[in-house]
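Observations on the model geometry
Listed below, chain by chain, are the residues.
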Amino acid sequence: MNAPEQLYGWWVPVKASTYAAQLDTQLDIFHWAMLLIFVLWGIYFVYCLAHYRARPGVPAVRGQLSVAKSMVPDGIILVFEMFMIFVIGLPVWAQVMETFPEEKKANVVHVIAQQFAWNFHYPGPDGEFGRRDIHLVSSGNPIGLDDSDPASKDDIVSINTMPAPLGKPTLAYLTSMDVIHGFNVPAFRTKQDVTPGMRVRIWFEPILRGKFEIACAQLCGLAHYRMLGNVEVMTQEEFDAWIQKKLADKAEL
Amino acid sequence: MKGAAVHSQTQTGGHEAHPQLGFVRTYVFSTDHKVIGIQYMITSMLFLLSGFFMMLMMRWQLAWPGQPIPIIGQFLPETMAPGGVMLPEFYNQLGAMHGTIMVFLGIVPLGVAAFGNFVLPLQIGAKDMAFPFLNMLSYWIFLVGGILMLSSFAMPGGAAQSGWTSYAPLADLAPPGQTMWLIAMTFIITSSLFGAINFIVTTLNLRARGMTWLRLPFFVWCQFVTAILLVLAFPVLQGGAILQLLDRVAKANFFIPANLIFGGAPVEQPGGGNPLLWQHLFWFLAHPEVYVLLLPEFGIVAEILANGTRKPLFGYFELVVSVCAIGALSFIVWAHHMFLSGMRTDVTKFFTVTTMIISIPSVMVLTCFLLSLRGGSIHFTTPMLFALAFIPMFGIGGLTGLPLGFTPTDIYLHDTLYVIGHFHYVVVTGSLIALFGGLYYWFPKMFGRTMNEFWGKVHFWLTVTAMNGIFFPMMWQGMAGVLRRQYDPTAQIHNHPTLPLNKVMTISAICLALAQIPFVLNFFISIFKGKKTSANPWNATTLDWAACPSPPPHGNFAGELAIHRGPYEYSVPGHKTDWSPQHVPEKELS
Ligand code: HEM
Ligand SMILES: [Cu+2]
Ligand SMILES: [Cu+2]
């Protein structure tokens, strides 16, 4: 399931999260409707060009069609759009962007973006995030974790790799240390600007194991194009083992 | 459609007692709206060309990343492209400058200032703009702004490189080129404001006798609404630009929040600002701005369609209402650019609804254009080809806007090349195509000579094909998740399957460049050597054609005009000719 060719192709990537299929359905509905409108318009357009081309002895005829009738297509499109918003769109928007899993039942991560890396801060077994302070930031401590805070003792920081358990929602709090970045996982259909000075919440629930690319979506400077990372989706056991290994590594230092 | 015997006394135009002006006052520091219009036209076409060349270099990098740029590469300095290979900084500069130049120095001045200046006073029967001196000032301020903008490539660290949107705090903390961008923008905005005020006052006060609001050519309506948009929206960006300038030079922190680290060190500013504030200020202008990029072109297409089908436009009143509705609604949709900015999610619902609603008047305009063909006698002249192509091409641009304005689908499409493809369908295959049509259409009026029809058609077919070869694959890549503003598309795994399309697009872009050669040659050769033309070679009904010679003299019209009918009275039963000019009394026509 891991080879990139299987994940990415000539159309939208694999659907690797619970809401990917729903969002894709909406894309599909729109594109079929757009195609239909365009083809109908196109047929009429080509018909007019052929039928009403200038011919000697055939003068133009001034219109008789009523304006009210001409508004029928406009009305149909308006009804379609309102149907899409209120019946199809808003429920999904509410589910993806406004309904969040409970912290206790989710894998909670702080995502801290910087030029040009993604830092992932996990709370560790105690479930509490340690304090951070930008004045403590150094090459060995990219997010400025305050070691004097007891809550940070078992915290884990991972750079550009975001492990996430399969079949359990991940709740991420996004912040940025410098400029605006865009947290974007195409295979999950997840995207959210990461704006400094704000903390924004997002969630996703992976349904496939594997490595899924995170590509920064907002221009953030000269290396924007290689501000990349991966969500590594693993089973809960593998995830727990990864945490333990990280804690052991940390203890050694 | 033959014979030109309708106009009697008005044919010769009017030189009023004017002191003879020297060359400089006639062609350089002129206050004549026609000369200023042509100055704007040539200048903005040069800016379009420069923005296009920037784009060609970027397209080369996208198709052949890391390869030296052919021909141009060797002339670029080390700080931009060592060994001819573009640096990421330089790519970002080109991107930001391409967007800025194309929008603010290319399409808008061409559609608004060039055509508006030249055509609007002629169509309403005015002898000049209301404030000719202000008009001249507007051009010269524009030129200074444009030159400052281009020269910013010479700043230390290069030109602005934070996108045409200049999002804070990236732009706040960027190299000095950004300061130059802000200063140049204030010049450009000032120039636009002077122009817009002029258009509004001229339309309100200088219409000929009998030129009622519902007898105005649709083009005039479009320019009038556009001018109102400019006056209401641009000051907001002007204010925003000044705030960003203060952030940069006076550490004012309007857009910089606390506790940032930049280049490894904490930013020594107390913070307290809000990056989203900039986005609101920017898009409050920039959404109406996209209609500024489009409405004048609606007007151009309408003029050409009525003339080329030899019948009145379908639904003139509906068109006027639609354009006014678009103008009004364009002020309450701006945050659809910010659905994923972190703005409150329930606020986005308001904007998704307004965005869907604003699509309806645009659909109405398109429907009217389409129905205008019905019953017509369609003459496939060069301007008409461009105007006709506008209809399906703008259709694609408009339709692809739907999934972007709709919040759930925008999550996936936001910041991908789908967005870029969508708005290039609107501004390139839409606006730019319409502007080309306008150039071919009004050229005889501007220079008293016609452009070559054959080369015009060659230009048309090559251009439309090449444009689709660029922007259709672009939307396709967007569907595959390829992001915009990427210096090296090979860096990201999810881009790999669609990479071959990059070569298709770049080759199409080179073809598009080559396709402009017949146009440029045709344009300049025809100015001096083209076939001499009469006052009204298209047998049109509006005053710009029917009531003054080509080119119109200083003062435009001889004597006072009286207007007797609506703008598009073609093929009126019982009239001698199939066009009935607005200013000719009924008894002379039947
Ligand atoms: C005529 C040929 C044109 C071509 C081939 C072209 C192509 C492109 C491409 C490839 C991009 C960059 C996509 C990326 O960021 O990866 C771009 C960006 C852009 N273009 Fe064009 N374009 C053209 C004309 C225009 C015109 C006429 C306008 C405006 C009226 C325009 C406005 C923009 C803007 C605003 C951007 C975004 C810049 C940014 O990222 O800040 N372009 N164009
Ligand atoms: Cu980035
Ligand atoms: Cu907009």
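Residues numbered from 1 in each chain as written. Chains lettered and ligands numbered in written order. Predicted model: local features only at pLDDT ≥ 70, side-chain atom pairs only at ≥ 80, totals over all residues. Heavy atoms only, no water.

Moving on, we come to the overall build of chain B. For chain B, the helix and strand inventory stands at 17 helices and four strands. Relative to the 2.2 N^0.38 estimate, which gives 25 Å for 590 residues, the radius of gyration of chain B is 24 Å and therefore close to what a compact globule would have. Split into buried and exposed, the 590 residues of chain B put 68% on the buried side. Sequence-distant contacts in chain B: of pairs separated by 6 or more residues, those separated by 24 or more amount to 79%. Working note: accessible area of chain B is about 18900 Å², and carbon and sulfur atoms make up 72% of it. Once the 27 positive and 23 negative side-chain charges of chain B are each reduced to a mean point, those two points are 10 Å apart. (Helix = DSSP H or I, 4+ residues; strand = E, 2+ residues; numbered from the N terminus. Rg over C-alpha atoms; globule rule 2.2 N^0.38 Å. Buried < 20%, exposed > 50% of the residue type's maximum accessible area, 1.4 Å probe, protein only. Contact = heavy atoms within 4.5 Å. Areas by Shrake-Rupley, 256 points an atom, 1.4 Å probe, with all protein chains shown as cover. Lys, Arg positive; Asp, Glu negative; His and termini not counted. Charge placed at Lys NZ, Arg CZ, Asp CG, Glu CD.)

Turning next to the pairing of strand 3 (residues 156-159) of chain A. All names here are of chain A. Here strand 3 shows a clear split, with Ile156 and Ser158 buried on one side and none of Val157 and Ile159 buried on the other. Where strand 2 (residues 117-122) lies against strand 3, four bridges are found, and the strand directions are antiparallel. Among the inter-strand pairings, His121 is bridged to a residue of strand 3, identified as Val157. (Pairing = 2+ DSSP bridges.)

Here the focus is the side chain of Arg485(B). Turning to its location among the elements, Arg485(B) is positioned in the loop between helix 14 (453-479) and helix 15 (500-529). The side chain of Arg485(B) sits in the buried core without any salt bridge; Asp415(B) is the nearest counter-charge, 5.3 Å away. There is a polar contact of 3.2 Å between the side chain of Arg485(B) and the side chain of Thr165(B). Discounting residues that sit within four places of it in the chain, Arg485(B) has contacts with Gln218(A), Leu219(A), His224(A), Tyr91(B), Gly163(B), Trp164(B) and Thr165(B). (Salt bridge = Lys/Arg side-chain N within 4 Å of Asp/Glu carboxyl O. Polar contact = N/O pair within 3.5 Å; in protein donor to acceptor, adjacent residues only side chain to side chain.)

A word on the packing of helix 6 (residues 218-250) of chain B against helix 8 (residues 295-309) of chain B. Residues and elements named next belong to chain B. Orientation of helix 6 relative to helix 8, taken along the N-to-C sense of each, is 175°, at an axis distance of 8 Å. When the axis of helix 6 is compared with that of helix 8, the two are roughly antiparallel. On helix 8, the residues that touch Phe218, Phe219, Cys222, Gln223, Val225, Thr226 and Leu229 of helix 6 are Leu295, Pro296, Phe298, Gly299, Ile300, Ala302 and Glu303. Classifying every residue of the contact of helix 6 with helix 8 by side-chain character gives 10 nonpolar, three polar and one charged. (Axes fitted to C-alpha atoms, helices over the stretch in contact; angles between N-to-C directions. Parallel < 35°, antiparallel > 145°, perpendicular 65-115°, else oblique. Nonpolar A, V, L, I, M, F, W, Y, C, P; charged D, E, K, R; others polar.)

Turning to the coordination of the copper ion (ligand 2), a few remarks are in order. Residues and elements named next belong to chain A. Surrounding the copper ion (ligand 2) are the protein donor atoms Cys216 (SG), Gln218 (O), Cys220 (SG) and His224 (ND1), which sit 2.1 to 2.6 Å from the metal. In this structure, the copper ion (ligand 2) is surrounded by four donor atoms whose angles at the metal cover 85 to 128°, and the resulting shape is irregular. Donor residues for the copper ion (ligand 2), ordered by position in the chain, follow C-x1-Q-x1-C-x3-H. Here Gln218 falls in the buried class, since its relative accessible area comes to 5%. In this structure His224 comes out as buried when scored by relative accessible area, which is 1%. (Donors = N, O, S within 2.8 Å, 3.2 Å for Na, K, Ca; no water. Tetrahedral: all angles 85-135°; square planar, octahedral: opposite > 155°, others 65-115°.)

This part takes up the packing of aromatic side chains. Residues and elements named next belong to chain B. The final tally for this structure, using the stated rule, is 62 aromatic pairs over all chains. With a centroid separation of 6.2 Å and an interplanar angle of 35°, the aromatic rings of Phe104 and Phe234 are classed as tilted. With Phe104 in helix 3 (residues 88-124) and Phe234 in helix 6, the pair connects residues that are 130 residues apart, well separated along the chain. A residue is classified by how much of its surface remains accessible, and Phe234, at 1% relative accessible area, is buried. Seen in terms of ring centroids, Phe390 and Phe394 are 5.3 Å apart; in terms of plane orientation they differ by 5°. Their pairing is stacked. Placement of the pair is Phe390 and Phe394 together in helix 11 (residues 382-405), with a separation of four residues, close to one helical turn. (Phe/Tyr/Trp six-rings, centres within 6.5 Å; stacked < 30°, edge-to-face > 60°.)

Turning next to the domain arrangement of chain A. Accessible area lost upon the coming together of the parts is a frequently used measure of interface size. Residues and elements named next belong to chain A. According to the domain assignment, chain A consists of domain 1 (20-98) and domain 2 (103-252). Computed over C-alpha atoms only, the centres of domain 1 and domain 2 are separated by 43 Å. Residue-level contacts link six residues of domain 1 with five residues of domain 2. Contact between domain 1 and domain 2 buries roughly 430 Å² in total, counting both sides, with carbon and sulfur atoms accounting for 46%. The tally of links from domain 1 across to domain 2 stands at one salt bridge. Two residues, Arg189 and Asp24, come together in a salt bridge whose shortest N-O distance is 2.7 Å. At the boundary of domain 1 with domain 2, the tally comes to three residue pairs in polar contact (both at pLDDT 80 or more). Elements supplying a minimum of two residues to the side of domain 1 that touches domain 2: helix 2 (20-51) and helix 4 (72-98). By residue class, the composition of the side of domain 1 that touches domain 2 is four nonpolar, one polar and one charged. (Domains from an automatic or database assignment. Buried area = accessible area lost by both parts, 1.4 Å probe.)

Attention now goes to the interface of chain A and chain B. With 80 residues of chain A at the contact, the number on the chain B side is 95 residues. Taken together, both faces of the contact between chain A and chain B bury some 8000 Å²; the carbon and sulfur share is 72%. The interface formed by chain A and chain B contains two salt bridges. Ionic pairing is found between Glu98(A) and Lys349(B), a salt bridge with its closest N-O pair at 3.1 Å. There are 27 residue pairs in polar contact (both at pLDDT 80 or more) connecting chain A and chain B. Of all the secondary structure elements, the ones that give two or more residues to the side of chain A that touches chain B are helix 2, helix 3 (67-70), helix 4, strand 7 (190-194) and strand 9 (210-215) of chain A. Looking at the side of chain A that touches chain B element by element, the count peaks at 15 residues for helix 4 of chain A. For the side of chain A that touches chain B, the class distribution of residues is 53 nonpolar, 17 polar and 10 charged.

This paragraph deals with the pairing of strand 5 (residues 170-176) of chain A. Residue and element names in this part refer to chain A. Within strand 5, seven of the seven residues are buried, leaving the element largely enclosed by the surrounding structure. By the alternation rule, side chains of strand 5 split into Thr170, Ala172, Leu174 and Ser176 and Leu171, Tyr173 and Thr175, which are all buried. Pairing between strand 1 (residues 107-114) and strand 5: seven bridges, direction parallel. In the sheet register, Val111 faces strand 5, and the bridge partner there is Leu174. Pairing between strand 5 and strand 8 (residues 200-204): five bridges, direction antiparallel. Across the sheet, the residue bridging to Leu174 is Val200, located in strand 8.

Turning to the site of ligand 1, a few remarks are in order. Residues and elements named next belong to chain B. With respect to spatial proximity, 25 residues lie near ligand 1, and among them Met55, His98, Trp164, His424 and Arg485 are the closest. His98 places a polar side-chain atom, nitrogen or oxygen, 2.8 Å from a nitrogen atom of ligand 1. Within the residue set of the shell around ligand 1, elements represented by two or more residues are helix 2 (33-63), helix 3, helix 13 (417-447) and helix 14. (Near = heavy atom within 4 Å.)

All names here are of chain B. Look at helix 2 against helix 15: their axes get within 9 Å of each other, and the N-to-C directions meet at 155°. Comparing their axes, helix 15 and helix 2 come out roughly antiparallel. The element helix 2 and its partner helix 15 pack so that their crossing is left-handed. Here helix 2 contributes Met41, Ile42, Met45, Phe52, Leu56, Arg59, Trp60, Leu62 and Ala63 to the contact with helix 15, which in turn contributes Asn502, Lys503, Met505, Thr506, Ala509, Ile510, Leu512, Ala513 and Phe523. Within the contact of helix 2 with helix 15, the residues separate by chemical class into 14 nonpolar, two polar and two charged. (Left-handed = near helix turned anticlockwise from the far one by under 90°.)

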